[in-house]
Amino acid sequence: MDGVKLHGTWASPYSIRVKWAMKLKGIPFQYIEEDLFNKSALLLQHNPAHKKIPVLVHGLRPVCESMVIVEYLEEIWPQYPLLPIYPYERSVARFWVKLIEDKSPNVWMVYRTVGEEQEKAMRDSLEMLSILEEHGPNKGKKFFGGDNINIVDIAFGGVAHWMGVVEEVSGREMFDAEKFPRLHAWMGNIKSLQLIAENLPDQGKLCQYLACQREKLVSSSSQN
Amino acid sequence: MADEVILLDFWPSMFGMRCRIALAAKGVKYEYKDEDLRNKSELLLKMNPIHKKIPVLVHNGKPVCESLVILQYIDETWSDKCPLLPSDPYQRAQARFWVDYVDKKFYELGRKVWSTKGEEQETAKKEMIESLKLLEGELGDKPFFGGEKLGFLDVAIVPFSTWFYAYEMCGNFSLEAECPKFMAWTKRCMEIESVSKSLVDPHKVYGFVLQLKKAFGIE
């Protein structure tokens with residue numbers, strides 16, 4: 001079988017989704033750490049439309065966008081299935097993945113902005129959490145996938161972990177345990193999985209990295 | 001027991017049109033319900049309580065929301081006729097990537113072209129042309145994005161073409177002149193019955209856009 005390479009960065013929740021999917025499925029791969037301030041020629045060649053990570057290269061063929069990559073992995077490596085078998089249940093899982101994709105950028109905006117922009121990002125992030133808390137699939141079960149994690153858990157897992165760091169760096173609380181008991185229990189279940197716990201970025205290092213980014217962004221916006 | 005299929009939709013919606021084409025291509029009989037978005041039906045609010053948006057496909061009482069999720073559901077449920085996604089996993093990933101690209105770029109760019117002026121509008125026009133040229137590159141020499149036949153990406157993108165006349169009128173530019181290859185592809189798609197009977201008249205869309213501009217107080 002052709003070799004698999006993953007171009008990613010340690011600080012990206014999108015990279016980590018792909019890493020988790022590959023580890024769950026036991027897919028051997030080579031990881032290439034990209035410097036986002038000095039993107040490799042290979043990355044730019046493989047993703048000319050967005051110039052972003054993660055990019056999976058299977059043999060010589062690139063696949064871009066984290067959740068497109070996860071669906072691709074699912075089709076070629078069916079072990080540890082991440083999508084249900086039947087079309088209706090698959091459509092439910094894909095609906096939640098899309099919701100998470102559409103709303104999670106608000107979480108990043110909380111540490112990237114101040115003032116009214118940050119307030120809006122907070123409101124939109126809290127709205128996403130409320131929707132997941134109340135309506136997220138498989139309520140009452142350990143994971144959004146039921147007894148095992150699935151594509152929805154993978155999509156939200158990175159976001160949820162990064163949220164803790166965003167809170168610390170921005171000084172804004174989002175993921176209140178009293179307001180979101182279901183999601184907190186879910187987070188505990190996710191992190192109790194050895195494979196996930198062993199593949200999370202160092203919290204302190206991530207805090208430092210995001211704090212540094214915030215300082216640059218906030219000071220450059222105040223100069224405008 | 002016969003299938004009961006309902007499509008909750010709004011006539012000028014590009015996202016709704018995608019679903020209409022897919023259902024027509026697969027010969028699925030369904031009931032079309034046009035929503036008044038200022039006075040949404042109880043059925044819509046019940047079937048899509050989270051977003052309260054169209055399109056929603058209701059299949060035997062169960063809702064499927066989000067146009068691309070609906071397209072994949074239609075493809076997987078009525079899999080015996082006219083497959084939309086290619087069978088090769090890599091080609092499927094490419095189709096999903098480009099549809100994701102179109103959704104992230106086009107809708108917002110289109111909105112800026114018809115609803116803004118000055119520098120914001122000029123930037124949106126320029127980016128729209130760049131996006132279309134990128135898609136022309138992806139099309140290459142193939143008659144359709146799906147190859148010899150209409151595929152997932154064709155179904156997802158072609159409805160945007162019904163809004164091009166409105167963009168051209170509001171933006172005072174010609175997409176035909178800038179992206180002739182893309183326009184030739186839209187004409188080829190329109191020769192297919194499932195597309196031509198599912199898309200709306202671009203002049204009617206322009207009329208709708210003018211109404212929107214008036215309602216929002218945009219010159």
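Residues numbered from 1 in each chain as written. Chains lettered and ligands numbered in written order. Predicted model: local features only at pLDDT ≥ 70, side-chain atom pairs only at ≥ 80, totals over all residues. Heavy atoms only, no water.

Under an unreviewed UniProt entry, the name given to chain B is glutathione transferase, and the source organism is Corymbia citriodora subsp. variegata. What UniProt states about chain B under its Sequence similarities (unreviewed entry) heading is, verbatim, "Belongs to the GST superfamily. Tau family." According to UniProt, the comment filed for chain B under the heading Subcellular location (unreviewed entry) is "Cytoplasm, Cytosol". (UniProt positions renumbered as here; feature names shortened; annotations may be inferred.)

## Some words on the pattern of salt bridges
In this structure the tally under the stated criterion is 27 salt bridges over all chains. A salt bridge links A:Arg90 to B:Glu76, with the shortest nitrogen-to-oxygen separation between them at 3.0 Å. Taken together, the residues span two chains, with A:Arg90 in helix H4 (residues 87-103) and B:Glu76 in helix H3 (residues 67-77). On the accessibility criterion, A:Arg90 (16% relative accessible area) is buried. Among the salt bridges present, the one from B:Glu66 reaches A:Lys98, with a minimum N-O distance of 3.5 Å. (Salt bridge = Lys/Arg side-chain N within 4 Å of Asp/Glu carboxyl O. Helix = DSSP H or I, 4+ residues; strand = E, 2+ residues; numbered from the N terminus. Buried < 20%, exposed > 50% of the residue type's maximum accessible area, 1.4 Å probe, protein only.)

## Remarks on the environment of B:Leu175
With respect to the helices and strands, B:Leu175 occurs in helix H8 (residues 175-178). Sequence separation between B:Leu175 and B:Phe164 is eleven residues; the distance between their C-alpha atoms is 7.4 Å.

## So, the UniProt feature "domain: GST N-terminal" (unreviewed entry) in chain B
This chain's UniProt record puts "domain: GST N-terminal" (unreviewed entry) on residues 3-82 of chain B. From the first C-alpha to the last, residues 3-82 of chain B spans 19 Å; its make-up is 36% helix and 21% strand.

## Topic: the interface of chain A and chain B
The figure often quoted for interface size is the accessible area lost as the parts come together. Contacts between chain A and chain B engage 25 residues on the former and 25 residues on the latter. Taken over both partners, the interface formed by chain A and chain B buries close to 2,300 Å², and the fraction arising from carbon and sulfur atoms is 67%. The partner of A:Arg94 in a salt bridge is B:Glu76, and the shortest N-O contact between them spans 3.0 Å. Put simply, chain A and chain B have nine residue pairs in polar contact (both at pLDDT 80 or more) between them. Per element, the largest residue contribution to the side of chain A that touches chain B is ten residues, and it comes from H4(A). By residue class, the composition of the side of chain A that touches chain B is 13 nonpolar, four polar and eight charged. (Contact = heavy atoms within 4.5 Å. Buried area = accessible area lost by both parts, 1.4 Å probe. Polar contact = N/O pair within 3.5 Å; in protein donor to acceptor, adjacent residues only side chain to side chain. Nonpolar A, V, L, I, M, F, W, Y, C, P; charged D, E, K, R; others polar.)

## Looking at the packing of aromatic side chains
Residue and element names in this part refer to chain B. The tally for this structure, following the rule as stated, stands at 24 aromatic pairs over all chains. Pairing Phe-15 with Tyr-107 gives two aromatic rings, centres 5.2 Å apart and planes at 55 degrees, and the pair type is tilted. Of this pair, Phe-15 sits in helix H1 (residues 14-25) while Tyr-107 sits in helix H4 (residues 89-115), placing them 92 residues apart in sequence. With relative accessibility at 41%, the residue Tyr-107 sits in the partly exposed group. Ring plane angle 45 degrees and centroid distance 5.9 Å describe the contact between Phe-164 and Phe-182, whose orientation is recorded as tilted. Residue Phe-164 is found in helix H7 (residues 164-171), and its partner Phe-182 is found in helix H9 (residues 180-190); the two are separated by 18 residues along the sequence. Pair check on accessibility: Phe-164 and Phe-182 agree, each one buried. (Phe/Tyr/Trp six-rings, centres within 6.5 Å; stacked < 30°, edge-to-face > 60°.)

## Structural notes on the pairing of strand E1 (residues 4-8) of chain A
Residues and elements named next belong to chain A. Most of E1 sits inside the fold, with four of its five residues counted as buried. The pairing of E1 with strand E3 (residues 55-58) spans four bridges and is antiparallel. Residue pairing in the sheet places Val-4 in a bridge with His-58 of E3. After leaving E1, the chain enters helix H1 (residues 13-24) and then returns to the sheet as strand E2 (residues 30-33), a path that is right-handed. (Pairing = 2+ DSSP bridges. Right-handed = clockwise from strand over helix to strand, strands pointing away.)

## A look at the sheet that holds E3(A)
Residue and element names in this part refer to chain A. Read from one edge to the other, the open sheet built from four strands follows the order E2-E1-E3-E4, with strand pairing classed as mixed. A strand with exactly one partner marks an edge of an open sheet, and here the two such strands are E2 and strand E4 (61-64). With strand direction ignored, the average angle separating the axes of adjacent strands in the sheet is 20 degrees. As paired strands, E3 and E4 are joined by four bridges and run antiparallel to one another. Bridge pairing links Leu-56 to Val-63 in E4. Lying over the sheet, H1 contacts E1, E2 and E3, oriented at roughly 155 degrees with respect to E1. (Axes fitted to C-alpha atoms, helices over the stretch in contact; angles between N-to-C directions.)

## Concerning the packing of H7(B) against helix H11 (residues 202-215) of chain B
All names here are of chain B. At a minimum axis distance of 7 Å, the contact between H7 and H11 shows a crossing angle of 50 degrees. Here H7 is positioned oblique relative to H11, judged by the angle of their axes. Handedness of the H7/H11 crossing: right-handed. Note on element contacts: H11 touches H7 through Pro-202, His-203, Val-205, Tyr-206, Val-209 and Lys-213, opposite Tyr-165, Ala-166, Met-169 and Cys-170. Considered class by class, the residues forming the contact of H7 with H11 number eight nonpolar, one polar and one charged. (Parallel < 35°, antiparallel > 145°, perpendicular 65-115°, else oblique. Left-handed = near helix turned anticlockwise from the far one by under 90°.)

## Regarding unusual backbone geometry
The bulk of non-glycine residues show a negative phi, and the bulk of peptide bonds are trans. At the junction of A:Ile53 and A:Pro54, the peptide bond is cis and its omega measures out at 0 degrees in the coordinates. Tracing the backbone shows A:Pro54 in the loop between helix H2 (41-46) and E3. Here the bond from B:Ile54 into B:Pro55 is cis, since omega is 0 degrees, no more than 30 degrees from zero. One can find B:Pro55 in the loop between helix H2 (42-47) and strand E3 (56-59).

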